[in-house]
Amino acid sequence: MKPAAFAYHRPGTVPEALDVLAEVGHDGKVLAGGQSLVPLLNMRLAAPAHLVDVNWLAELDTVAVGDRAVRVGAVARHARVEHDRAATGAVPLLGQAIADIAHETVRNRGTVVGSLVHADPAAELPAVLVLLGGTMELASAGGSRRVAAADFFLGPLESALRPGELATAAVFPRPPAGSGSAWTEVARRHGDYALCGVGVLVVLDQGLRVGSARAACISVGPVPVQVDLTDALGGQPHDAADWAAAGRLAAAAVDPEDDIHATAAYRRHLAGVLTARAARAAAAHAAELLDRGAA
Ligand SMILES: Cc1cc2nc3c(=O)[nH]c(=O)nc-3n(C[C@H](O)[C@H](O)[C@H](O)COP(=O)(O)OP(=O)(O)OC[C@H]3O[C@@H](n4cnc5c(N)ncnc54)[C@H](O)[C@@H]3O)c2cc1C
């Protein structure tokens, strides 16, 4: 099928883009990598009267690695971030999770910020932003605002972005000293959306014991489900903790539904198994970084 007719806008600067978005309001949609929006248009599940193409906004094609965070501009593609050693060195979970997004062809075009705004419950990056306590930067003709990850994802394909707003960047804070991370997921075929995916961040103390641990699970609820694993793992050695107990905490915390791809029981089972696996890998990662003096 072909999309319904729309007016195409190609602003050359951010202020121009914000003016167009203010003018078209509810009738407009931002077009970034098009990897999610174009299929929706072709299937006529979305029929905006105006598309505002932001791909020409060179000022948003940025990946800035700072002392505290990695700031990814709205036009930076998944692949650019995935292969940016400074960015993935500062926030390893970014590289670990992006590697599991779709296929290279999709990652070459799709944007990190587009994926966050799209707010698919099966997408990896919303969980990464939530787990790291990151922030979205949003702009409109009326001004700009920042929204914490915890307040940004409202439901399936629903974010806190308002009509007329452009998400200009996502800020992924560097994890604290002594941290390690891991991403694990299960999909029916390589490159498919995950039936369940889990990211874990573990912080080790000086004695290489678990100080704190957190997970974020995808595809098991309308938004990423955060689980504090510290009760199960805290104070235990990084290489001999009760990983299964961490998995049980996650399995108890998620509330998946049956759908055509998997039963709720299977997804819950995956949340437990993948959390145990990711927690063990994240603790090993933290120990490795400490050993190299890199954490
Ligand atoms: C075959 C296939 C498999 C995929 N598998 C996965 C997967 O496993 N995991 C995963 O996470 N994703 C997956 N995706 C989606 C992919 O990651 C997309 O890149 C991403 O979801 C959307 O990014 P985009 O830049 O393409 O955004 P678009 O498709 O251009 O836009 C998506 C939505 O976000 C809005 N939007 C985008 N950017 C902005 C902005 N800066 N400001 C305001 N609104 C904005 C658009 O208006 C639209 O509503 C897959 C896609 C395909 C085609």
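Summary of the structure given here.

Rules used in this analysis
Residues numbered from 1 in each chain as written. Predicted model: local features only at pLDDT ≥ 70, side-chain atom pairs only at ≥ 80, totals over all residues. Heavy atoms only, no water. Helix = DSSP H or I, 4+ residues; strand = E, 2+ residues; numbered from the N terminus. Rg over C-alpha atoms; globule rule 2.2 N^0.38 Å. Buried < 20%, exposed > 50% of the residue type's maximum accessible area, 1.4 Å probe, protein only. Contact = heavy atoms within 4.5 Å. Lys, Arg positive; Asp, Glu negative; His and termini not counted. Charge placed at Lys NZ, Arg CZ, Asp CG, Glu CD. Pairing = 2+ DSSP bridges. Axes fitted to C-alpha atoms, helices over the stretch in contact; angles between N-to-C directions. Near = heavy atom within 4 Å. Polar contact = N/O pair within 3.5 Å; in protein donor to acceptor, adjacent residues only side chain to side chain. Areas by Shrake-Rupley, 256 points an atom, 1.4 Å probe, with all protein chains shown as cover. Nonpolar A, V, L, I, M, F, W, Y, C, P; charged D, E, K, R; others polar. Phe/Tyr/Trp six-rings, centres within 6.5 Å; stacked < 30°, edge-to-face > 60°. Lys NZ or Arg CZ within 6 Å of the ring centre and 35° of its normal.

Right, let's get into the overall build of the protein chain. Along the backbone of the protein chain there are 12 helices and 14 strands. In terms of overall dimensions, the protein chain is globule-like: its C-alpha atoms have a radius of gyration of 19 Å, near the 19 Å expected for 295 residues. Projected onto its principal axes, the C-alpha coordinates of the protein chain cover approximately 60 × 45 × 30 Å. Split into buried and exposed, the 295 residues of the protein chain put 53% on the buried side. Long-range contacts, defined here as pairs at least 24 residues apart, represent 62% of the contacts in the protein chain between residues at least 6 apart. Counting 25 positive and 31 negative side-chain charges, the protein chain places the centres of these two groups 3 Å from one another.

A few words on the sheet that holds strand 2 (residues 28–31). The strand order 1-3-2 describes an open sheet built from 3 strands, whose pairing is parallel. Where the open sheet ends on each side, the last strands, each with one partner, are strand 1 (7–9) and strand 2. Strand-to-strand, the axes of this sheet are offset by a mean angle of 25°, without reference to chain direction. In the sheet, strand 1 pairs with strand 3 (residues 50–53) via 3 bridges, with the strands oriented parallel. Within the sheet, the bridge partner assigned to Ala 7 lies in strand 3 and is His 50. Helix 1 (residues 14–24) rests against strand 1, strand 2 and strand 3 of the sheet, and its axis sits at about 165° to strand 3.

Around the ligand sit 29 residues in total, of which Val 30, Gly 34, Leu 37, Thr 111 and Glu 124 are the nearest. At 2.8 Å from an oxygen atom of the ligand is found a side-chain nitrogen or oxygen belonging to Ser 36. Contact between the ligand and Tyr 193: a nitrogen atom at 3.0 Å from a side-chain N or O atom of the residue. Calculation on the ligand without its partners gives an accessible area of 970 Å², and the protein chains cover 90% of this total. Listed by contribution, the elements that provide at least two residues to the shell around the ligand are strand 2, helix 7 (112–118) and strand 10 (166–173). When residues in the shell around the ligand are grouped by element, the largest group, 5 residues, is from helix 7. Class assignment for the residues of the shell around the ligand results in 15 nonpolar, 11 polar and 3 charged.

Below, the discussion takes up the packing of aromatic side chains. Counted by the stated rule, this structure contains 1 aromatic pair. When the centroid spacing of 5.2 Å and the interplanar angle of 85° are considered together, the rings of Phe 152 and Phe 153 count as edge-to-face. A residue is classified by how much of its surface remains accessible, and Phe 153, at 8% relative accessible area, is buried. Its end group placed over the ring of Trp 56, Arg 10 keeps NZ or CZ at 4.0 Å from the ring centre.

It is worth stressing that arrangement in space is one thing and function is another; only the former is reported here.
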